[in-house]
Amino acid sequence: MALSLKAMVYFTTALRHRNIARAAAELNIAASAVSAAIDQVEAAFDLTLVTRQRARGIQPNASGQIIARNCERLLEEYQSVLADGADLKQSLSGPLRIGYYAPIAPAFLPRILASFLPDGLPEGTGVELSLEECDNDMAQDGLVNGRYDAILFVTEDLRPSIEFDVLISAPPYLLLAASHPLAGQSSVSMAQIAQEPLVVLNRPVAAAYYKGLFAAHQRQAPIVAYANSTEMVRSLVASGRGCAILNMRPLTSQSYAGAPLVEIPISDPLPPLTLAVGYDKSRPRRVVQHFADACRAHFALDGPERCVLDASSAASGF
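The structure reproduced in this document is the subject of the present report. These numbers come from a predicted model, not from an experiment. (Residues numbered from 1 in each chain as written. Predicted model: local features only at pLDDT ≥ 70, side-chain atom pairs only at ≥ 80, totals over all residues. Heavy atoms only, no water.)

A few words now on the environment of A207. As for its placement among the helices and strands, A207 is situated in helix α8 (residues 206-212). Residue classification places A207 among the partly exposed positions, given a relative accessible area of 22%. Put simply, A207 and Y226 are 19 residues apart on the chain and 9.2 Å apart in space, counted from C-alpha to C-alpha. The contact partners of A207, leaving out residues within four places of it in the chain, are L201 and N202. (Helix = DSSP H or I, 4+ residues; strand = E, 2+ residues; numbered from the N terminus. Buried < 20%, exposed > 50% of the residue type's maximum accessible area, 1.4 Å probe, protein only. Contact = heavy atoms within 4.5 Å.)

What follows is the structure in structure tokens.
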């Protein structure tokens, strides 16, 4: 027979008072409910645990004292679990597990975290950070199955169960070596890009997206390389291997190898990629809500902090 928490509370309260009526008064319930709880505990263990005396007095026997102590210990642990859960909900502490499908996340994620997780948090009250780069499907799966507390991802191929806040729409731009003949232009067209050798970011969602941008333009030059990291794409382009179409950009105009790069807006009307933060919006822990709020605040800023390039930002000098 299952033993309920309520029965354990009623049982231990009665034994503490040694009186059913006084236990019922403390619990604000009927005395019959306390008596029934004692019966339930005895039935669960198939033992007589108390001796009922006149005037509703009760006296635990040796077995009753052992069971009462064990029940009290379980109830204390249960209350501790509830308290820990409340603390986890309300405090900036505990694990914060973030999965990100945002190839240039290192350009903005540390600053977002620093905005609400200052250095020098008291020992034992800090946040345990876990940051994991993944593809778009893995990010969404990880949020659903509890691997991640929050994710940064693009909303293309969105799972219906994912709750999210849009952070930014990032239009595509052309990435060129500084020495490329097109590098001095204020913008380029897809017709021009179709004549250039292309380096493609070969990541889920991204590869199909970039291929779709050429739907109205017949490519006249080959794809010279596929790379599954943004920095490898940037390094190949900087070395003169070809050009590339990307959406978000780091706050540097150099590749890892130190070669200069140029980013140019594309004049054609093209669909952007939408970056979002996904998390449980109905019951977020405090630290998760702070992360989502910090993401929105960061990308609400104008200029290079937004990590995007379009014709208007290029004209303004960003």
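Before going further, it helps to examine the sheet that holds strand β11 (residues 261-265). The three strands are arranged β10-β7-β11 in an open sheet whose pairing can be described as antiparallel. The open sheet has two free edges, formed respectively by β10 (244-246) and β11, since each of these has just one partner strand. Neighbouring strand axes in the sheet, compared pairwise and without regard to direction, differ in orientation by 35° on average. For strand β7 (residues 173-177) and β11, the ladder comprises five bridges, and the chain directions are antiparallel. Across the sheet, the residue bridging to L175 is E263, located in β11. (Pairing = 2+ DSSP bridges. Axes fitted to C-alpha atoms, helices over the stretch in contact; angles between N-to-C directions.)

So, on to the packing of aromatic side chains. Aromatic rings in a pair are described by how distant their centres are and how their planes are angled relative to each other. Using the criterion set out here, one finds four aromatic pairs in the structure. Both rings, one in Y209 and one in Y210, keep their centres 5.2 Å apart while their planes meet at 65°; by these two values the pair is edge-to-face. Side by side, Y209 and Y210 carry an identical accessibility label, which is buried. (Phe/Tyr/Trp six-rings, centres within 6.5 Å; stacked < 30°, edge-to-face > 60°.)

Take a nonpolar patch on the surface next. Together, L5, Y78 and L82 give the surface a local cluster of nonpolar side chains, amounting to about 250 Å² of exposed area. Here Y78 lies in helix α4 (residues 62-90). (Patch = residues over 30% accessible without salt bridge, like charges linked within 9 Å, V, L, I, M, F, W, Y side chains within 5 Å. Areas by Shrake-Rupley, 256 points an atom, 1.4 Å probe, with all protein chains shown as cover. Salt bridge = Lys/Arg side-chain N within 4 Å of Asp/Glu carboxyl O.)

Okay, the sheet that holds strand β4 (residues 127-133) next. Strand pairing within a sheet occurs via backbone hydrogen bonds; the two strands may be parallel or antiparallel. The five strands lie next to each other as β4-β3-β5-β12-β6, forming an open sheet whose pairing is mixed. Whereas interior strands pair on both sides, the edge strands pair on one side only; in this sheet they are β4 and β6 (164-170). Across the sheet, the axes of successive neighbouring strands diverge by a mean angle of 15°, strand direction being ignored. Note that β6 and strand β12 (residues 273-279) share six bridges and pair antiparallel. Bridged to D165 within β12 is V277. Of the strands in this sheet, β5 (150-154) and β12 touch helix α6 (residues 136-145), which is tilted by about 150° from β5.

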